[in-house]
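Each chain, letter by letter, is given below.
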Amino acid sequence: MGSRYRQLADEIAQHIERGVYAAGDRLPSVRALARSRGVSVVTVVTAYQTLLDEGRIEARPRSGFYVRAQRPIQPIEAESGASAAPPRPVTGQAMAMTLIKAANTSGIVQLGAAVPDPSFLPTQAIGRAMAQVMRTRRAQAAGYMMPPGAPELRRQIARRMSENGASVAADDIVVTTGCQEALSLALRAVTRPGDVVAVESPAFYGLLHVLESLGLEALEIPARPRDGPALDALAFALERWPVRACVLAPNYGNPLGYCMPDEIKRALIRLLGRHRVPLIEDDVYGDLGFGVPRPSTCKGLAPRADILYCSSFSKTLSPGLRVGWIAAGRHHARVEYLKYVTSIASPTAPQLAVADLLAGGRYERHLREIRGKYASAVARMSDRVMEVFPEGTRISQPQGGFVLWVELPEGTDSVALARRALRQGVSVAPGPLFSASGKYGNFIRLSCARVWDAQLDRALLTLAKLL
Ligand SMILES: Cc1ncc(COP(=O)(O)O)c(C=O)c1O
């Protein structure tokens, strides 16, 4: 039944978007819709409840369900100018540590770091899996699990990747401590300090920190909100600068949430191939699309290309497990060595527990539940932001993941806003963190992976007031 109600909710939402039902229109009664669609009353009620949760419709007592009047979403527009600015060292990231610490401070409404609220994570199943490991494989869990990492976990990851179109074997994978370590190992494997690395702009700030810590220069390629980095800008940059690697998150990149269509992925791979530049593909949000099927990966589209694929279970199962991986292709041996040099090994018990969750099908079941929840959370946050933030606010329209990129009216100082908001118990990520050159001064990123409650609504109203 789960997918049927979601399908029905999506259909109604589409009708609303296309204007079949306008604001204020009454939707068909539950019984009439159940009869006409040949579904149960429970399916219709659940679909309507989903749309209520997403803020698309409202219930009027003894009257029925109506389309809610909404301020239309103003989408973010692509940056003007296709040319990339020169490479530069990453600076001005000190604010990030304040934000990162806020993630663990109780009493703060945490909209800053892209960390799912525990209510979005299968914490009970993880608890059971960890307990089972400690009960049945205590001695093994007490020891190092040397690189490349637990064979059973690598087998499960390889199986999933292959089912998703990237034919990878267990021996091609190195287990890492999250996707962050995978990105760091990938960059260390293919660059030296002082090298130039092409990144999308805006980019995930953790990546910019890695560049900064490795003494690498960032070449920012403007990303379009719907399909990612402009390839003409990238082509221009590759002609002009000695780029040593390109790091992108083609599936639901953070913070824009776009999904790069296959033909653009293919063109990207060809372009980088011509210039012999390795692609570091960050697919940490790849399983969290709002639609089906799961999008392809560059690794899957071009098995022989020079691609270092990085991912983790941080956005799906739990960031605290710190289980990630890298399939580095021809750089496998170097990455394996660097992994050992960095931390000897990743913790053993979480690797075994995640292997069990994958093998038992729990991971897939959780994904099926969570995608709809994230889609609802993003839709609801989008509507509320458009409702309460000032005129001139624009937002991204993510196709997956759970973050929203918000452009505030011109002249807003998002760093000052973030500081003042933190003093009032709300954390947001200010735009300049997502750029090596301090761009996006009037942008913020909001994490939507929270259950909607009065506290969250108050937090948005606090931000609106500060604006
Ligand atoms: C795009 C992107 N890549 C990588 C990471 C790091 O993931 P992990 O927590 O697995 O290290 C994040 C976390 O926010 C992210 O948003």
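Look a little higher up for the structure.
1. Concerning the nonpolar core
Part 1 of the reasoning: Leu111, Leu153, Ile280, Phe313, Phe389 and Leu446 are the most contacted members of the largest nonpolar core, which totals 138 residues.
Part 2 of the reasoning: If you tally residues by element for this core, the top one is helix α15 (residues 362-388), at 10 residues.
Part 3 of the reasoning: Domain assignment of the residues forming this core places at least three in each of domain 2 (88-120 + 366-466) and domain 3 (145-363).
Part 4 of the reasoning: If we skip the residues at most four places from it in the chain, Leu111 touches Met381, Val426, Ser427, Val428, Arg445, Leu446, Ser447, Arg450, Leu456, Ala459, Leu460 and Leu463.
Part 5 of the reasoning: Residues Leu8, Leu27, Leu33 and Ala34 belong to the second largest nonpolar core, which totals 17 residues.

2. A few points about the side chain of His331
Part 1 of the reasoning: Secondary-structure assignment places His331 in the loop between β12 (324-327) and α13 (332-343).
Part 2 of the reasoning: When neighbours within four sequence positions are excluded, His331 is seen to be in contact with Ala189, Val190, Asp306 and Leu308.

3. Some thoughts on the pairing of strand β14 (residues 403-407)
Part 1 of the reasoning: In terms of residue burial, β14 counts as a mostly covered element, since 4 of its 5 residues are buried.
Part 2 of the reasoning: Two strands pair when backbone bridges link them, and β14 and strand β17 (residues 443-447) are joined in this way by 5 bridges, in the antiparallel orientation. Bridge assignment links Trp405 to a residue of β17, and that residue is Arg445.

4. Points about helix α17 (residues 454-466)
Part 1 of the reasoning: Across its 13 residues, α17 extends 18 Å between first and last C-alpha, which sits within 8% of the 18 Å expected from 1.5 Å per residue.
Part 2 of the reasoning: Listed in full, the buried residues belonging to α17 are Leu456, Asp457, Ala459, Leu460, Thr462, Leu463, Ala464 and Leu466.
Part 3 of the reasoning: Those residues of α17 hidden inside the fold are in contact with β4 (109-110), α15, α16 (414-423), β15 (426-427) and β17.

5. What to know about the site of the ligand
Part 1 of the reasoning: In the region of the ligand, the neighbouring residues are Gly178, Cys179, Gln180, Phe204, Asn254, Asp282, Val284, Tyr285, Ser312, Ser314, Lys315 and Arg322.
Part 2 of the reasoning: Here an oxygen atom of the ligand and a side-chain polar atom of Tyr285 are 3.1 Å apart.
Part 3 of the reasoning: Between the ligand and Ser314 there is a distance of 2.6 Å, counted from an oxygen atom to a side-chain nitrogen or oxygen.
Part 4 of the reasoning: Here the ligand, which alone exposes 390 Å², has 91% of that area covered by the protein.
Part 5 of the reasoning: Here the shell around the ligand takes 3 residues from helix α8 (residues 178-190), the largest share from any one element.

6. Details of the sheet that holds β14
Part 1 of the reasoning: One open sheet holds the 4 strands; their spatial order is β13-β14-β17-β16, and the pairing between them is antiparallel. At either margin of the open sheet sits one strand with a lone partner, and together these are β13 (394-395) and β16 (429-430).
Part 2 of the reasoning: The strands touched by α15 are β13, β14 and β17; relative to β14, the strand with the most contacts, the crossing angle is about 20 degrees.

7. With respect to the packing of α8 against α13
Part 1 of the reasoning: Where α8 meets α13, the closest approach of the two axes is 9 Å, and the angle between their N-to-C directions is 120 degrees. Taken together, α8 and α13 sit at an angle that is classed as oblique. For the pair α8 and α13, the crossing hand works out as right-handed. Every residue of α13 that contacts α8 at Glu181, Leu185, Arg188 and Ala189 is listed here: Arg334, Val335, Leu338, Lys339, Thr342 and Ser343.

Conventions adopted
- Residues numbered from 1 in each chain as written.
- Predicted model: local features only at pLDDT ≥ 70, side-chain atom pairs only at ≥ 80, totals over all residues.
- Heavy atoms only, no water.
- Core = buried A, V, L, I, M, F, W, Y, C linked by side-chain atoms within 4.5 Å.
- Buried < 20%, exposed > 50% of the residue type's maximum accessible area, 1.4 Å probe, protein only.
- Helix = DSSP H or I, 4+ residues; strand = E, 2+ residues; numbered from the N terminus.
- Domains from an automatic or database assignment.
- Contact = heavy atoms within 4.5 Å.
- Pairing = 2+ DSSP bridges.
- Expected span 1.5 Å × (residues − 1).
- Near = heavy atom within 4 Å.
- Polar contact = N/O pair within 3.5 Å; in protein donor to acceptor, adjacent residues only side chain to side chain.
- Areas by Shrake-Rupley, 256 points an atom, 1.4 Å probe, with all protein chains shown as cover.
- Axes fitted to C-alpha atoms, helices over the stretch in contact; angles between N-to-C directions.
- Parallel < 35°, antiparallel > 145°, perpendicular 65-115°, else oblique.
- Left-handed = near helix turned anticlockwise from the far one by under 90°.

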